[in-house]
Amino acid sequence: MEIRANFRNIRLDETPRLCEVLAGPATGFLQISGLFTPNLRGRIQFESSRAVVRRMFRSKRRHSRVLINEAPPMRMWSALDLAPSGVHAQSKLRWGSRSSAVIDLKAPLRWDATSIWPRVDENDPLHFELRTHRTPMEALLAWVPQISDSQGEVTGVLSADGPLREIPLEGRLQLRHGRLELVGLGQELSHLQGDLIFHKTWVEFDRLTARDHEGKVSIDGGLTLQPFPQLSTQFSLHAQDFPVRREGSLLSTVTGRARVESKSTPTMTQAKVKVDALTVALPDEDFRDVQSFSDHKDIRVLGQTKPKAEKDDTPYDFRIEVDATRPFWLRRTDFAVQMIAEIEARIYEPHVYVEGYAEFRRGFIDIYGKRFEIEQGAFSFDGGEEVNPEVNLVMRHDLRNQQGERITVNVTGRLSNPTIDFSSTVTNDRAEIIAMLFGGNRGMRSRGSASNDERRVGTQAASFLSGVTAGLLTLTARRELGDVLPIIYIESGQGGSFRTRARVGYQADQIIPKFMRNVVKGVYVEGSAGSNNRYTTAGAAVTAGPQGRSVGMLIELEFPRNIFGTGAYGYPDAWGVDVTWEP
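Residues numbered from 1 in each chain as written. Predicted model: local features only at pLDDT ≥ 70, side-chain atom pairs only at ≥ 80, totals over all residues. Heavy atoms only, no water.

Let us now look at the overall build of the protein. When helices and strands are tallied, the protein shows 3 helices and 34 strands. Counting only carbon and sulfur atoms, one obtains 53% of the accessible surface of the protein, whose full area is about 32,000 Å². (Helix = DSSP H or I, 4+ residues; strand = E, 2+ residues; numbered from the N terminus. Areas by Shrake-Rupley, 256 points an atom, 1.4 Å probe, with all protein chains shown as cover.)

Structure below.
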């Protein structure tokens, strides 16, 4: 059988199927002989002055197409030669006078009379070469799923010569001035640049950086390509004020470093994240889930046919282990806490399972202008279908107009419905405790006002717990230069007494000499000035200076095997030392 045809100025965007990947006019010819036989020969050639590479989404419900990606118009010449030994494809592309790409491919495809599809032997050799010069990134990424609105330039050479079962890619591609949107996250990345270096069986990420508004992230590492279709990655990630999003909504802003390892198959991904240093800044408002646009199970629209289910609707299985046993910070305008955590998460749509723990190391929370210091606390995730951890938290507020007296708040139970108990060193009456907290005097507020104030404390505490949980879950999606960013706060006395102090605390791991970093893992330093400077260690309380009016300092050292040493000093002669082990 022999086929000959010529075409002139046909519209690719009006051609079935082909319109989903190409648009514009095209002129060319085809000549094929020996169709469906081992002696297949022929040539297909076409060219266009304004061809457009694009990707369209076919809507099964609306029976229409939606444009996802589209590259700038280009001049294109392409040819495909068919022979019994295989195919040879060539393409020359040009955008304006500065940008171009050349593609050359030789593949060992063979035909016989038993099938219309070619036969492929994975041991046969493959030749591939791509040469790019300032090629528009949108032309190369147009057909890549989950990426849209891409822009930028790609320059370099990529080649492969070897058996099909290996496809040993070699070369380097330079990305410059890039921009793209990750559709699933609703995250727009700009200033994308870096090098991809191909070493036959793996790809190296060399100084790959991107921005999201003011945030920046950089990646160095590699991706192992074999055995295909399995993929393995190992890379280090450094983020600076980088926003973490879900469907465009801001979950948190991350600063820090982490090491990521993952293994992926067509059905599952397993990832491990080792946090080296991290600070998570949460938005002021509580996070709200994005409303889904999917059909409600209890609503049926009359006259509308339900689209056919996909042949394979098995959800993808994503599992991630996060090792954040190095202390990290979670910060919001009303709280700052240092924590450690070990979390395992499994995302198996529509379910999310979280298992593990998180412990508070130190920190504070502001509740309606009153500062509570975290004495101890922990979250425990049980791995159930609902992310509803068990909470155990103890917070302390010192009464500045009553030296040495304090109010303690205990929060227990589940995150969705915590139980909040109040106690104090002055009285155990809940109404009187609330009155002291908000009015400064046990008899100043009515029972009704105290009840309202108690609800306010409960609401603020629940907001705090929700914020911390959101920050912990950010780790499953992702200390900072920012650990040296200090926590600064000023505490003022009440009732006209001059009891005021300023405190500054910061994580100063960077000052540890290199030769000591195997012995000393972390350093926390806190200093204060003013009146009533008081530090409490496990063994003793240290009050600084005559009448408690001077300066003080606390230093905590973290050693291997969860051993901590704490020293507190108050001018001129008060001090205390503790060594604790936290198994």
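A cluster of like negative charges, contributed by Glu 321, Glu 342, Glu 344 and Glu 355, occupies part of the molecular surface. Inspection of the secondary structure assignment puts Glu 342 in strand β21 (residues 335-348). Note on Glu 342: relative accessible area 36%, which makes it partly exposed. (Patch = residues over 30% accessible without salt bridge, like charges linked within 9 Å, V, L, I, M, F, W, Y side chains within 5 Å. Salt bridge = Lys/Arg side-chain N within 4 Å of Asp/Glu carboxyl O. Lys, Arg positive; Asp, Glu negative; His and termini not counted. Charge placed at Lys NZ, Arg CZ, Asp CG, Glu CD. Buried < 20%, exposed > 50% of the residue type's maximum accessible area, 1.4 Å probe, protein only.)

Here we come to the packing of aromatic side chains. Aromatic ring pairs: the centre-centre distance and the angle between the two ring planes describe each pair. Scanning all chains against the criterion turns up 2 aromatic pairs. On the basis of an interplanar angle of 40° and a centroid distance of 5.8 Å, the ring pair of Phe 360 and Phe 379 is categorised as tilted. You can see Phe 360 sitting in strand β22 (residues 351-367) and its partner Phe 379 sitting in strand β23 (residues 370-382), a full 19 residues away along the chain. Like Phe 360, the residue Phe 379 is buried in the burial classification. (Phe/Tyr/Trp six-rings, centres within 6.5 Å; stacked < 30°, edge-to-face > 60°.)

The next point concerns the environment of Ser 100. Considering the arrangement of structural elements, one finds Ser 100 in strand β8 (residues 99-107). By relative accessible area, Ser 100 is classed as buried at 17%. Sequence-wise, Ser 100 and His 133 are 33 residues apart; in three dimensions their C-alpha atoms are separated by 5.3 Å. Beyond its immediate chain neighbours, meaning those up to four positions away, Ser 100 contacts Leu 93, Arg 94, Trp 95, Arg 131, Thr 132, His 133 and Thr 135. (Contact = heavy atoms within 4.5 Å.)

Right, let's get into the pattern of salt bridges. Enumeration over the complete set of coordinates arrives at 24 salt bridges. Note that Asp 276 and Arg 257 form a salt bridge whose closest N and O atoms lie 3.0 Å from each other. A residue pair is termed long-range when its members are at least 10 positions apart, and Asp 276 in strand β19 (residues 268-281) and Arg 257 in strand β18 (residues 249-264) qualify at 19 residues. Here Arg 362 and Glu 556 are joined by a salt bridge, their closest N and O atoms 2.8 Å apart. The class for Glu 556 is buried, based on a relative accessible area of 14%. Here the salt bridges do not stand alone but share partners, grouping Glu 373, Glu 375, Arg 396, Asp 398 and Arg 406 into one network.

Right, let's talk about the pairing of strand β6 (residues 74-83) for a bit. Pairing geometry for β6 and strand β7 (residues 86-95), over 9 bridges, is antiparallel. Residue pairing across strands places Ala 79 opposite Gln 90, the latter belonging to β7. From the end of β6 to the start of β7, which pair antiparallel, there are 2 residues. (Pairing = 2+ DSSP bridges.)

Moving on, we come to a nonpolar patch on the surface. Taken together, Met 1, Ile 3 and Phe 36 make up a surface patch of nonpolar side chains, about 300 Å² in accessible area. Within the fold, Phe 36 resides in the loop between β3 (25-33) and β4 (41-59).

Quick look at unusual backbone geometry now. Positioned with a positive phi, Asn 9 is a non-glycine residue whose angle comes to about 55°. Residue placement: Asn 9 occurs in strand β1 (residues 2-11).

With that out of the way, let us pick up the side chain of Asp 195. By secondary structure assignment, the location of Asp 195 is in strand β14 (residues 187-200). The class for Asp 195 is buried, based on a relative accessible area of 5%. Polar contacts involving the side chain of Asp 195 include one to the side chain of Arg 172, which spans 2.7 Å. Dropping the residues within four chain positions of it, Asp 195 is found in contact with Arg 172, Leu 173, Gln 174, Arg 176, Glu 204, Phe 205, Asp 206 and Arg 207. (Polar contact = N/O pair within 3.5 Å; in protein donor to acceptor, adjacent residues only side chain to side chain.)

Further remarks concern the environment of Tyr 353. Of note, Tyr 353 is situated in strand β22. For Tyr 353 and Glu 385, which are 32 residues apart along the polypeptide, the C-alpha to C-alpha distance reads 5.5 Å. If near-sequence neighbours (up to four positions away) are discounted, Tyr 353 is found in contact with Glu 344, Ala 345, Arg 346, Tyr 348, Gly 383, Gly 384 and Glu 385.

On to the environment of Gly 356, then. With respect to the element layout, Gly 356 can be found in strand β22. Along the chain, Gly 356 and Val 322 lie 34 residues apart, while their C-alpha atoms are 9.5 Å from each other. Those residues in contact with Gly 356 that sit more than four places away from it in its chain are Glu 342, Ile 343, Phe 379, Ser 380 and Phe 381.

Turning our attention to the side chain of Arg 55. Of note, Arg 55 is situated in strand β4. As a buried residue without a salt bridge, Arg 55 has its nearest oppositely charged side chain in Asp 149, at a separation of 9.1 Å. Polar contacts involving the side chain of Arg 55 include one to the main-chain carbonyl oxygen of Ala 142, which spans 2.8 Å. Reaching out from Arg 55, the side chain makes a polar contact with the backbone oxygen of Val 144 at a distance of 3.0 Å.

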